[in-house]
Amino acid sequence: MSGDRPSPLVIERILRDREGIWQQIVAERDLNALTGRMLTSSAIALACYGAVLGFFHSPLMALTSALKLPLLFLVTLAICLPTLYLFNLVFGARLSVRQSLALVMVAITVTSMLAVAFAPISLFFLITANDYGFFKLLNVAILTLSALVGLRFLTSGMQVLNDHGLLAPEAANAKVGEQAAAQAPVQAVPAAVAVGATPAAAPAAGQGAEPVAVPAGATVAESTPNGAVTTAPAPTQAPAQVPTQWAGQPAGASFPPGMLPPGYVAQRPWDGRTARRGEPAQRPASMTLLYIWILLFGFVGTQLAWTLRPFFGDPGQDFAFFRSIDGNFYAEILRTIANL
């Protein structure tokens with residue numbers, strides 16, 4: 001299932017090979033074909049589920065709900081997608097319009113397929129429990145659960161794009177630089193910083209060089225006045241005091257072996273994990289705005305659903321393609337719960 005083979009069951013690839021889907025979106029490979037397949041599958045699934053909702057009233061209501069439910073999701077996407085794209089541009093993300101559309105279509109496809117998977121359960125309660133209020137709350141709960149799962153896929157996909165540096169390119173470049181610095185050779189630290197180390201040789205006068213500490217027993221090289229280089233074993237016993245001059249210390253200050261001067265900080269390479277241990281991971285601004293956008297998507301969707309109603313069709317009223325806009329979706333849900 002790793003290849004994007006032509007099949008109407010695009011949801012199978014999304015669920016089985018989601019990593020391949022994210023990588024395809026990152027590379028912007030065949031996104032038009034992928035988005036078209038997700039759009040077709042979502043429209044068919046939402047139409048089937050909408051027909052189940054409308055059957056509570058009449059076959060004619062089932063037909064109109066089959067048309068309006070896909071319209072609800074697609075119009076909500078058309079309203080909110082420019083906001084998501086501009087949010088990413090403002091905070092330096094490098095997502096294209098096609099990548100943003102493909103990501104949101106993954107969420108809508110998962111939502112629609114999960115909703116149509118609940119259709120037999122909804123149909124069962126339609127036949128066995130012919131109660132309008134209960135049927136309405138049941139299907140609102142089904143759509144809410146399906147939408148939460150779909151949006152979870154959206155956040156997972158955005159996180160993958162963030163790992164590839166598409167949401168926070170500056171942070172990604174900084175991380176690459178830190179990793180390169182970690183792999184660079186570590187510079188020598190001042191002498192006598194290692195416990196048990198012994199200075200091999202004193203610096204030449206007037207050269208300003210600092211003595212370098214080597215392990216006891218190691219072989220060191222010495223230069224003679226005539227330019228020859230000789231080797232000699234380092235002393236095995238550490239002297240009582242190491243006359244090492246430290247920056248910022250008075251002239252002649254010395255420290256016993258194994259003792260570090262005041263204010264010394266050990267120099268360790270940055271490994272990307274231990275250097276900032278204990279500090280909370282910083283979330284990119286694009287990821288924070290994604291959660292804000294999800295709330296916006298939910299508010300727009302519920303208000304549009306209230307505008308396009310009825311989907312279920314109150315059996316006590318005649319058929320109507322639209323109802324008058326009065327009240328709001330949330331007040332209607334609370335009123336239905338109170339009536340139960």
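Everything below is about the structure printed above this text.
Residues numbered from 1 in each chain as written. Predicted model: local features only at pLDDT ≥ 70, side-chain atom pairs only at ≥ 80, totals over all residues. Heavy atoms only, no water.

Asks: Explain the packing of helix α7 (residues 132-163) against helix α10 (residues 329-339) residue by residue, including any values.
Replies: A packed helix pair is summarised by two numbers, namely the angle formed by the two axes and the spacing between the axes. Where α7 meets α10, the closest approach of the two axes is 10 Å, and the angle between their N-to-C directions is 130°. The orientation of α7 with respect to α10, classified from their angle, is oblique. Where α7 crosses over α10, the handedness of that crossing is left-handed. In this structure, α7 contributes Gly 133, Lys 136, Leu 137 and Val 140 to the contact, and α10 contributes Phe 329, Glu 332, Ile 333, Thr 336 and Ile 337. When its residues are assigned to classes, the contact of α7 with α10 shows five nonpolar, two polar and two charged. (Axes fitted to C-alpha atoms, helices over the stretch in contact; angles between N-to-C directions. Helix = DSSP H or I, 4+ residues; strand = E, 2+ residues; numbered from the N terminus. Parallel < 35°, antiparallel > 145°, perpendicular 65-115°, else oblique. Left-handed = near helix turned anticlockwise from the far one by under 90°. Contact = heavy atoms within 4.5 Å. Nonpolar A, V, L, I, M, F, W, Y, C, P; charged D, E, K, R; others polar.)

Asks: Mind laying out a nonpolar patch on the surface, listing which residues take part and the relevant values?
Replies: There is a patch of nonpolar side chains on the surface, built from Leu 60, Leu 63, Leu 67, Phe 319, Phe 321 and Phe 322 and spanning about 580 Å² of accessible area. With relative accessibility at 43%, the residue Phe 322 sits in the partly exposed group. (Patch = residues over 30% accessible without salt bridge, like charges linked within 9 Å, V, L, I, M, F, W, Y side chains within 5 Å. Areas by Shrake-Rupley, 256 points an atom, 1.4 Å probe, with all protein chains shown as cover. Salt bridge = Lys/Arg side-chain N within 4 Å of Asp/Glu carboxyl O. Buried < 20%, exposed > 50% of the residue type's maximum accessible area, 1.4 Å probe, protein only.)

Asks: I'd like a rundown of the pattern of salt bridges, residues and numbers included.
Replies: For the coordinates displayed, the defined rule picks out five salt bridges. Put simply, Glu 12 and Arg 16 hold a salt bridge, and the shortest N to O gap is 3.3 Å. Placement of the pair is Glu 12 and Arg 16 together in helix α1 (residues 10-16), with a separation of four residues, close to one helical turn. Glu 12 sits in the partly exposed class, given a relative accessible area of 29%. With a closest N to O distance of 3.7 Å, Asp 17 and Arg 13 form a salt bridge. We classify Asp 17 as buried; its relative accessible area is 14%. Members of the salt-bridge network, linked through shared partners, are Lys 136, Glu 332 and Arg 335.

Asks: Describe the environment of Gly 165, and please don't skip the residues or the numbers.
Replies: Examined against the element boundaries, Gly 165 turns out to sit in the loop between α7 and α8 (169-183). Exposure remark for Gly 165: the relative accessible area of 1% places this residue in the buried category. The spacing of Gly 165 and Ala 93 is 72 residues in sequence and 8.2 Å in space, taken between C-alpha atoms.

Asks: Explain the packing of aromatic side chains residue by residue, including any values.
Replies: Using the criterion set out here, one finds nine aromatic pairs in the structure. Taking 6.0 Å as the distance between ring centres and 85° as the angle between the ring planes, the aromatic pair formed by Phe 135 and Phe 312 counts as edge-to-face. On the criterion of sequence distance, the pair formed by Phe 135 in helix α7 and Phe 312 in the loop between α9 (285-308) and α10 is long-range, its members being 177 residues apart. For Phe 135, a relative accessible area of 1% puts it in the buried group. According to the relative accessible area criterion, Phe 312 is buried, its value standing at 11%. Judged by centre distance (6.2 Å) and plane angle (65°), the rings of Phe 299 and Tyr 330 are edge-to-face. With Phe 299 in helix α9 and Tyr 330 in helix α10, this residue pair connects regions lying 31 residues apart in the sequence. For Phe 299, a relative accessible area of 51% puts it in the exposed group. (Phe/Tyr/Trp six-rings, centres within 6.5 Å; stacked < 30°, edge-to-face > 60°.)

Asks: Kindly report on the environment of Ser 96, identifying the contributing residues and their values.
Replies: Following the sequence through the fold, Ser 96 ends up in the loop between α4 (59-90) and α5 (97-117). A relative accessible area of 19% places Ser 96 in the buried class. In the structure, Ser 96 is positioned 71 residues away from Ile 25 in sequence and 10.0 Å away in space, judged by C-alpha atoms. With residues near it in sequence (within four places) discarded, Ser 96 still touches Glu 28 and Tyr 85. Among the polar contacts made by the side chain of Ser 96, one reaches the side chain of Glu 28 at a distance of 2.9 Å. (Polar contact = N/O pair within 3.5 Å; in protein donor to acceptor, adjacent residues only side chain to side chain.)

Asks: Explain α10 to me, using residue names and the numbers behind them.
Replies: An α-helical segment advances 3.6 residues per turn. Residues three or four places apart therefore align on the same side. Inspection of α10 places Glu 332, Ile 333 and Thr 336 among the buried residues, and these make up the whole buried set. Buried residues of α10, seen end-on, are gathered within an arc of 100° and therefore sit on one face of the element. Turned more than 90 degrees away from the buried face of α10, the exposed residues are Leu 334 and Ala 338. (Arc of directions from axis to C-beta.)

Asks: Give a detailed account of the nonpolar core, specifying residues and quantitative values.
Replies: Counting residues in hydrophobic clusters, the biggest one holds 55 residues, and the most contacted among them are Ile 25, Leu 154 and Trp 293. When residues of this core are traced back to their parent elements, those giving at least two are α1, α2 (18-27), α3 (31-54), α4, α5, α6 (119-128), α7 and α9. With 10 residues, the single largest contributor to this core is α5. Residues contacting Ile 25, with those up to four places away along its chain left out, are Leu 31, Gln 99, Ala 102, Leu 103, Val 106 and Leu 161. (Core = buried A, V, L, I, M, F, W, Y, C linked by side-chain atoms within 4.5 Å.)

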